[in-house]
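# Examination of the molecular architecture
Spelled out, the chains give:
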Amino acid sequence: EQYLITDRNAEIALARSAAPDSISRDAKILVLGRQGYETVVEGKNGFVCVVERAWMSPSDHPEFWNPKLRGPICFNPAAARSILPLTIKRTEWVLAGLSKAQIMDSLKAAVDRKELPALEPGAMSYMMSKQAYLTDDDGHNMAHLMIYVPLTQGAAWGADLPGSPVMFGGQFQGAPEPVTVFLVPVEKWSDGT
C-alpha cells in the first residue's frame, strides 16, 4: 500500500519524465498496482517507461525497503525485453510478501533455471527525471543513461577513472542478476533544463 501512488496520472507523468518527450510520448507506460505493474498506455516505439521502487536497488542497499524512493526509468526495446522482466519479477515477489533474502534466493534460482530472458545486446535505459527520488541522502541524484552488459569489471569501460564520464553502476553486478550496469551522466534533464 505504501509503495502505490494513488494518482495514476501522476505516476504516468512521472514514468514519462524518465526520458525526453521525443521518446517517452510514444512509449508503453506501466504503473504499479496492487497485483504488480499494469500497462496503462500502449506504446508505439518499443520503449517502456515505468517508476521503479526501492527494491530494484542492490540487495545490500540500506534503503532497499524505503517507501519514498521513486526511480522513473525508460527502457529501450532491448532492455524492455531483457531487463524489465527483472523489475516485474522482483515486484511480484515483493507484493507476495517475500523477504529480501527470499527475493534474492528466488531470483538466483530463476537465473540458474534460465527462467528470465537473456540480456540483449544494446540494452540501455534513460533516467533523466528531475522528479526522481533515489535516496534519502541526496534526493534525485543526476540525469544519466544506464547501459547493461554481461558481467564485467568497471575497468573494461574505464569506469570510475579520473576524468572518465562512465561510472560503475552496481545496481545488479551479479547480485544475483548476471548483469553489470554502467552509468553515463548527461548534461540535461528530460525536460531540457
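I will try to describe carefully the structure that is included in this document. (Residues numbered from 1 in each chain as written. Predicted model: local features only at pLDDT ≥ 70, side-chain atom pairs only at ≥ 80, totals over all residues. Heavy atoms only, no water.)

We now examine the overall build of the chain. Summing up its helical and strand segments, the chain has 5 helices and 8 strands in all. Beginning at the N terminus, the succession of helices and strands in the chain can be written as α-α-β-β-β-β-α-α-α-β-β-β-β. Once the C-alpha set of the chain is aligned to its principal axes, its extents read approximately 45 × 40 × 35 Å. By the burial criterion, 48% of the 193 residues in the chain qualify as buried. Positive and negative charge centroids in the chain, built from 18 and 22 side chains respectively, lie 4 Å apart. (Helix = DSSP H or I, 4+ residues; strand = E, 2+ residues; numbered from the N terminus. Buried < 20%, exposed > 50% of the residue type's maximum accessible area, 1.4 Å probe, protein only. Lys, Arg positive; Asp, Glu negative; His and termini not counted. Charge placed at Lys NZ, Arg CZ, Asp CG, Glu CD.)

Looking now at the pattern of salt bridges. Scanning the model with the defined rule gives 11 salt bridges in all. In this structure, Glu38 engages Arg8 in a salt bridge whose closest nitrogen and oxygen atoms are separated by 2.7 Å. Residue Glu38 is located in strand β2 (residues 36-41), and its partner Arg8 is located in helix α1 (residues 8-16); the two are separated by 30 residues in the primary sequence. (Salt bridge = Lys/Arg side-chain N within 4 Å of Asp/Glu carboxyl O.)

So, on to the nonpolar core. Among the nonpolar cores identified, the biggest contains 31 residues, and Phe75, Ile83, Tyr148 and Phe172 are the most heavily contacted of them. Those elements giving two or more residues to this core turn out to be β1 (28-33), β3 (48-52), β4 (71-75), α3 (77-82), α4 (84-95), α5 (100-112), β6 (144-150) and β8 (179-185). (Core = buried A, V, L, I, M, F, W, Y, C linked by side-chain atoms within 4.5 Å.)

Below, the discussion takes up α4. With 12 residues, α4 extends 17 Å between its outermost C-alpha atoms, agreeing within 8% with the 16 Å of an ideal straight helix rising 1.5 Å per residue. Downstream of α4 by a residue or two, Gly97 has a phi angle that is positive, lying close to 90 degrees. (Expected span 1.5 Å × (residues − 1).)

On to the packing of aromatic side chains, then. For the structure shown, the criterion picks out 4 aromatic pairs. Relative to Trp65, the ring of Phe64 lies with its centre 5.0 Å away and its plane at 85 degrees, an arrangement referred to as edge-to-face. Its relative accessible area of 34% is what places Trp65 among the partly exposed residues. Each ring, one from Phe168 and one from Phe182, has its centre 5.8 Å from the other, and the planes form 55 degrees; the classification is tilted. A residue pair is termed long-range when its members are at least 10 positions apart, and Phe168 in strand β7 (residues 167-168) and Phe182 in strand β8 qualify at 14 residues. Phe182 gets classed as buried once you look at its relative accessible area, which sits at 0%. Here a set of aromatic residues connected by ring pairs shows up, and it is made of Trp157, Phe168 and Phe182. (Phe/Tyr/Trp six-rings, centres within 6.5 Å; stacked < 30°, edge-to-face > 60°.)

Take the environment of Asn9 next. With respect to the element layout, Asn9 can be found in helix α1. A C-alpha to C-alpha distance of 9.4 Å links Asn9 and Val31, two positions 22 residues apart in sequence.

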